[in-house]
Amino acid sequence: MSRHYKNRASGCLFSMTAVEEKFSLTEVLSSFKACLEKENQDVLMDYYISGWKGLVRFMNSLGAIFSFVSKDAVSKIQIMEAFRKSSSGDQYRSLQSMVAYELKAKLVDLNKRAEHSNSGCRTILRLHRALRWLQLFLEKLRTSTENSKTSVLCTEAYNDSLANYHPWIIRKTAMVSFYALPARNTFFEVMNVGSIEDVVTMLGEAMPYVSQVYDITQQLYAQHNLLDLP
Ligand SMILES: CCCCCCCCCCCCC/C=C/[C@@H](O)[C@H](COP(=O)(O)O)NC(=O)CCCCCCCCCCCCCCC
């Protein structure tokens, strides 16, 4: 009985360690590098989604206070996964093919949410705007100093990005939740990358790919007049 208990306990401990070890921000951000198709710079949906899934996992590890954010991100990820698994899944292979397909088949509500209220185009647009927040926040974190406050860095990044698209009540809730962010050191630790210098180096290498994904998507949406989708 006691041996059984011991085995179960160590098995459990082992699996927890394995999960924790595997989870580092380096891998999460590498999805955004994998997103970029070499030949034509298409942004590949599966890697885009897996990058977001990793970010959500990371956010969940910061505490339940962010569950209102992660719920929204998860529901958007699920919408995109459902498109990818549907009979038109091939059309959602990349952001470029999705835009071409949904526009041609008139599957996007352009002025008002109606019968296509959860199109791939408007769903990705929400994640795309959040990617800008991530870009700004991580850049601030990378160049921050020992005395920098994560809540301040996060608020500044939010005000320069997502806040412009959120109603007052969401902005207020978001701002309050930022005060619950862990301190800079803890933040670097949770990333599971190594020393602060290692994190700074990793971010310096990984963020250009995130920026590239952001820029290509921004250009794609601008070109098709999709930046204000309801
Ligand atoms: C690190 C702590 C996390 C801070 C999160 C900062 C972003 C705050 C966003 C607040 C969003 C509140 C939830 C509601 C959003 C929706 O109203 C709104 C509009 O959607 P709708 O048009 O379908 O109605 N949705 C959105 O704008 C999309 C928000 C998606 C947010 C995803 C944020 C993921 C953050 C990932 C954190 C990873 C941290 C890594 C840093 C080391």
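For clarity, every value in this text was computed on a predicted model and none was experimentally measured.

Colleague: Looking at this structure, I do not really get the site of the ligand. What am I missing?
Modeller: For the ligand, the set of nearby residues contains 24 residues, the closest of which are Asp72, Lys76, Arg122, Arg126 and His166. A distance of 2.8 Å is found between an oxygen atom of the ligand and a side-chain nitrogen or oxygen belonging to Arg122. Here an oxygen atom of the ligand and a side-chain polar atom of His166 are 2.8 Å apart. Taking 930 Å² as the accessible area of the ligand by itself, protein coverage stands at 90%. Contributions of two or more residues to the shell around the ligand are made by helix H3 (45-60), helix H4 (67-85), helix H6 (120-142) and helix H8 (168-178). At six residues, the largest contribution of residues to the shell around the ligand is made by H6. Classifying every residue of the shell around the ligand gives 19 nonpolar, one polar and four charged.

Colleague: Looking at this model, I keep getting lost on helix H7 (residues 150-159). Mind explaining?
Modeller: An α-helix turns once every 3.6 residues. As a result, residues three or four positions apart point the same way. Looking at H7, one finds that the buried residues are Thr150, Ser151, Leu153, Cys154, Ala157 and Tyr158. Buried residues of H7, seen end-on, are gathered within an arc of 165 degrees and therefore sit on one face of the element. Turning to H7, the residues buried within the fold contact H6, H8 and helix H9 (184-190).

Colleague: Just checking my understanding: could you explain the UniProt feature "domain: Glycolipid transfer protein" (unreviewed entry) in the chain for this structure?
Modeller: Taken from the UniProt record, the annotation "domain: Glycolipid transfer protein" (unreviewed entry) applies to residues 44-192. Secondary structure content for residues 44-192 is 64% helix and 0% strand, and the end C-alpha separation is 26 Å.

Colleague: What am I meant to see in the packing of helix H2 (residues 25-34) against helix H10 (residues 196-223) here?
Modeller: Relative placement of two packed helices is described by the angle separating their axes and the distance separating the axes. The interhelical angle for the contact between H2 and H10, taken along N-to-C directions, is 35 degrees, at an axis separation of 8 Å. When you trace H2 past H10, the crossing you get is left-handed. In this structure, H2 uses Leu25, Thr26, Leu29, Phe32 and Lys33 to contact H10, whose residues at the interface are Met202, Leu203, Ala206, Met207, Tyr209, Val210 and Val213. Of the residues in the contact of H2 with H10, the class split is 10 nonpolar, one polar and one charged.

Colleague: Quick question: what am I supposed to make of H4 here?
Modeller: In this model H4 runs 26 Å from its N-terminal to its C-terminal C-alpha over 19 residues, within 8% of the 27 Å that 1.5 Å per residue would give. Turning to H4, the residues buried within the fold contact H3, helix H5 (95-104) and H6.

Colleague: Would you take a moment to explain the nonpolar core for this structure?
Modeller: One broad rule of soluble globular proteins: the nonpolar side chains tend to lie buried together. With 62 residues, the main nonpolar core has Leu29 and Tyr48 as its most contacted residues. For Tyr48, the contacting residues outside a window of four places in its chain are Phe32, Cys35, Val43, Leu95, Ile124, Leu127, His128, Leu131 and Val213.

Colleague: What is the right way to read the environment of Leu110 from this model?
Modeller: In this structure, Leu110 sits in the loop between H5 and H6. Given the relative accessible area of 49%, Leu110 is considered partly exposed. The sequence separation of Leu110 and Asn147 amounts to 37 residues, and the corresponding C-alpha distance is 45 Å.

Colleague: I tried to follow the packing of aromatic side chains on my own but got confused; where do I start?
Modeller: Two descriptors summarise a pair of aromatic rings, namely the distance from one centre to the other and the angle between the planes of the rings. Considering all chains together, one arrives at seven aromatic pairs under this definition. Ring centres of Phe32 and Tyr48 lie 6.2 Å apart, and the angle between their planes is 80 degrees; on these two criteria the pair is classed as edge-to-face. One end of the pair, Phe32, is in helix H2; the other, Tyr48, is in helix H3, and 16 residues separate them in sequence. Residue class for Phe32 comes out buried when judged on its relative accessible area of 0%. Connected via pairs of aromatic rings, a cluster forms that spans Phe58, Trp133, Phe137 and Phe187. The ring of Tyr165 is capped by Arg129, whose NZ or CZ atom sits 3.8 Å from the centre of that ring. Between Arg132 and the ring centre of Tyr214, over which it is positioned, the NZ or CZ distance is 5.7 Å.

Colleague: What am I meant to see in the environment of Tyr92 here?
Modeller: For Tyr92, the location among the structural elements is in the loop between H4 and H5. On a C-alpha basis, the gap between Tyr92 and Arg129 in space is 19 Å, while along the polypeptide they are 37 residues apart. Those residues in contact with Tyr92, other than ones at most four positions away along the chain, are Met45, Met80, Phe83, Arg84, Ser97, Met98, Tyr101, Glu102 and Gly120.

Each value, and the rule that gives it
Residues numbered from 1 in each chain as written. Predicted model: local features only at pLDDT ≥ 70, side-chain atom pairs only at ≥ 80, totals over all residues. Heavy atoms only, no water. Near = heavy atom within 4 Å. Polar contact = N/O pair within 3.5 Å; in protein donor to acceptor, adjacent residues only side chain to side chain. Areas by Shrake-Rupley, 256 points an atom, 1.4 Å probe, with all protein chains shown as cover. Helix = DSSP H or I, 4+ residues; strand = E, 2+ residues; numbered from the N terminus. Nonpolar A, V, L, I, M, F, W, Y, C, P; charged D, E, K, R; others polar. Buried < 20%, exposed > 50% of the residue type's maximum accessible area, 1.4 Å probe, protein only. Arc of directions from axis to C-beta. Contact = heavy atoms within 4.5 Å. UniProt positions renumbered as here; feature names shortened; annotations may be inferred. Axes fitted to C-alpha atoms, helices over the stretch in contact; angles between N-to-C directions. Left-handed = near helix turned anticlockwise from the far one by under 90°. Expected span 1.5 Å × (residues − 1). Core = buried A, V, L, I, M, F, W, Y, C linked by side-chain atoms within 4.5 Å. Phe/Tyr/Trp six-rings, centres within 6.5 Å; stacked < 30°, edge-to-face > 60°. Lys NZ or Arg CZ within 6 Å of the ring centre and 35° of its normal.

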